[in-house]
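# Structure assessment
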Amino acid sequence: MRIRDYGYLIIIVLIIGLSSLRTFWLPPGVEPIAFWEYPLLIIIAIIVFYILNTLIEYGVLYDILRTRGLVKPRLYLIVILINLITFPPTQLTFYLAMVLLNEFLKYFYLVLEGIVIVVEWLLYRRIFKNFIMENPKNDFLSSKNILLISIVINLLSFLIIGFINLYLISLQGAFS
C-alpha cells in the first residue's frame, strides 16, 4: 500500500470508531476505574496496548518499506525500541486524564501525541539515514516522507487503541 492508501484506512477507522461511539459511551454519572484501585489491570492494559501499538506500527512500516525494498531484519527491533520511548508516557497521561476527568490533561494528551509524532520522526529519520547510505539512489526516505510515515503509523495506532480504550471504559461503566 502507498502512504495515501493509509490515509483512506485512517478515514475508515475514524468512521467505524465514531459510529461505534454512539453505541458504546460512558454513561452519565459513571466514573472510570481509578488506576490506584486496580494497578494490575492498568499495567496489563498498558502492556497489551504496547504490544498492539508496536504490531500496528510495524505492520504499516513494513508494508510501506517492503514495496521499496528497504526492509531490514532489525526493523521490528527498531519499532520496539522507539515505542518503548514514546508509548508509556502517552498511555499514562491518558489514564491520568480519564481518572481525574481533567480537561487540561485531555488536551495535553493530544499535544503529547503530537510530540510523539515529532520524536518518532526524528528517531526514524536518524535510523533510516543508514538505509539511505546503503542505497543513495533511493530518495523515498526523504525527511518529508519519513514525517508522513510517522504521522500515518501514529495516527492509525492512536485511533485504533483510542477506540478500544473508550469501548473498554464504557464496558466498565456498564458493569459498575
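Note that the structure is a prediction, hence the values are computed from the model and not measured.

Each helix and strand counted, the protein has five helices and zero strands in total. The order of helices and strands in the protein, counted from the N terminus, is α-α-α-α-α. For the protein, the proportion of its 176 residues judged to be buried stands at 39%. Once local pairs closer than 6 in sequence are excluded, the contacts in the protein between residues at least 24 apart make up 79%. Element-wise, carbon and sulfur atoms account for 71% of the exposed surface of the protein, whose accessible area totals about 10400 Å².

This part takes up empty space enclosed by the protein. On inspection of all chains with the given rule, the structure shows one cavity of 30 Å³ or more. Reported here for the largest cavity is a volume of approximately 120 Å³. Contributing to the lining of the largest cavity are 15 residues, with Asn53, Phe87, Thr90, Glu113 and Ser157 lying nearest its centre. Elements that contribute at least two residues to the lining of the largest cavity include exactly α2 (39-66), α3 (75-100), α4 (103-134) and α5 (143-175). Here the element with the most residues in the lining of the largest cavity is α3; it accounts for five residues. A breakdown of the residues in the lining of the largest cavity according to their chemical character gives five nonpolar, seven polar and three charged.

Conventions and cut-offs
- For every chain, the first residue of its written sequence is number 1, and the numbers climb from 1 along that sequence.
- Given that the model is predicted, a residue must reach a pLDDT of at least 70 before its local features are reported, and side-chain atom pairs must reach 80 or more before they are shown or counted; all residues, however, enter totals for whole chains, interfaces and linings.
- Water and hydrogen atoms were dropped before computing side-chain values, which therefore reflect all heavy atoms in the structure.
- Secondary structure counts use DSSP, requiring at least four H or I residues in a row for a helix and at least two E residues in a row for a strand, with both numbered from the N terminus.
- Here the term buried applies to any residue with accessible area under 20% of the maximum for its type, exposed to any over 50%, and partly exposed to those in between, with areas from a 1.4 Å probe on protein chains only.
- By definition, residues are in contact when any of their heavy atoms lie within 4.5 Å.
- Residue exposure ignores everything except the shown protein chains as possible cover, and the areas themselves are Shrake-Rupley values with a 1.4 Å probe.
- The rule is simple: put a 1 Å grid over the protein atoms alone, call a set of points where a 1.4 Å probe fits but cannot get out a cavity, call an open set with protein on both sides within 12 Å along at least five of seven lines a pocket, and count a residue as lining if it has an atom within 4 Å of a point.
- Grid points are joined across faces, edges and corners, and a volume is the space filled by probe spheres set on the points.
- Each residue receives one of three labels: charged for Asp, Glu, Lys and Arg, nonpolar for Ala, Val, Leu, Ile, Met, Phe, Trp, Tyr, Cys and Pro, and polar for the others, Gly being one of them.

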